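# Geometric and topological summary
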Amino acid sequence: MSLTLQEASERVDAFISQFEEGYFPPLLMLARLTEEVGEIARVVSHAHGKTPKPGEPEGDLEMELADLLFVTLCMANERGLDLERGFTRMMDKIETRDADRWTKKDAPPRP
C-alpha cells in the first residue's frame, strides 16, 4: 500500500488523536527524532563493519527510517506543517542550486 505524504500525515494524526495525551511537546519530539537518527546510524554501522554487541540485533534499516518518518510527521502535524509542500519546495531548491554540482550520468566529465 503506497501513501502520499499527506495520507501518511493523516494516518499518523488519526492514530495520535485517539489519545488524550496527543502529540509529545516539541523538545521531546526533537529528542525522539535524535534517538531515531542514532538507531539508523547503528544499523548502518552494523552493515558496514561494526560488530554488534553480543545479543544485539543488526537492526532493520527500513523500519528505523520509517520510525524517523513517523516522528517527523508527528512534528509536522503538531506544528500544522504540510510536508508535501515542504518537500516540493526543498526539491525545487536543490534541483536549481545543485543542478550542475555533480557529474551527470552519461555526460562528459567537467573540465
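Residues numbered from 1 in each chain as written. Predicted model: local features only at pLDDT ≥ 70, side-chain atom pairs only at ≥ 80, totals over all residues. Heavy atoms only, no water.

The chain has the name Nucleotide pyrophosphohydrolase in an unreviewed UniProt entry, where Deinococcus taklimakanensis is given as its organism.

## Some words on the nonpolar core
Generally speaking, soluble globular proteins have nonpolar side chains that are buried together. The biggest cluster of nonpolar side chains holds seven residues, and these are Ala8, Val12, Ile16, Tyr23, Met29, Leu73 and Cys74. In terms of residue count, the dominant contributor to this core is helix H1 (residues 5-17) (three residues). Look past the residues within four positions of Ile16 in its chain and what remains in contact with it is Gly22, Tyr23, Phe70 and Cys74. (Core = buried A, V, L, I, M, F, W, Y, C linked by side-chain atoms within 4.5 Å. Buried < 20%, exposed > 50% of the residue type's maximum accessible area, 1.4 Å probe, protein only. Helix = DSSP H or I, 4+ residues; strand = E, 2+ residues; numbered from the N terminus. Contact = heavy atoms within 4.5 Å.)

## As for the packing of aromatic side chains
Under the counting rule described, the total for this entry stands at one aromatic pair. Between Phe15 and Phe19, the aromatic rings sit 5.1 Å apart at their centres with planes inclined by 70°, giving edge-to-face as the arrangement. Classification of Phe15 as partly exposed rests on a relative accessible area of 42%. (Phe/Tyr/Trp six-rings, centres within 6.5 Å; stacked < 30°, edge-to-face > 60°.)

## Let's talk about the side chain of Glu64
Checked against the element boundaries, Glu64 lands in helix H3 (residues 61-79). For the buried Glu64, no salt bridge is present, and the opposite-charge side chain at shortest range is Arg42, 4.0 Å distant. Leaving out residues up to four positions away in the same chain, Glu64 has contacts with Glu36, Glu39, Ile40, Arg42 and Val43. (Lys, Arg positive; Asp, Glu negative; His and termini not counted. Salt bridge = Lys/Arg side-chain N within 4 Å of Asp/Glu carboxyl O.)

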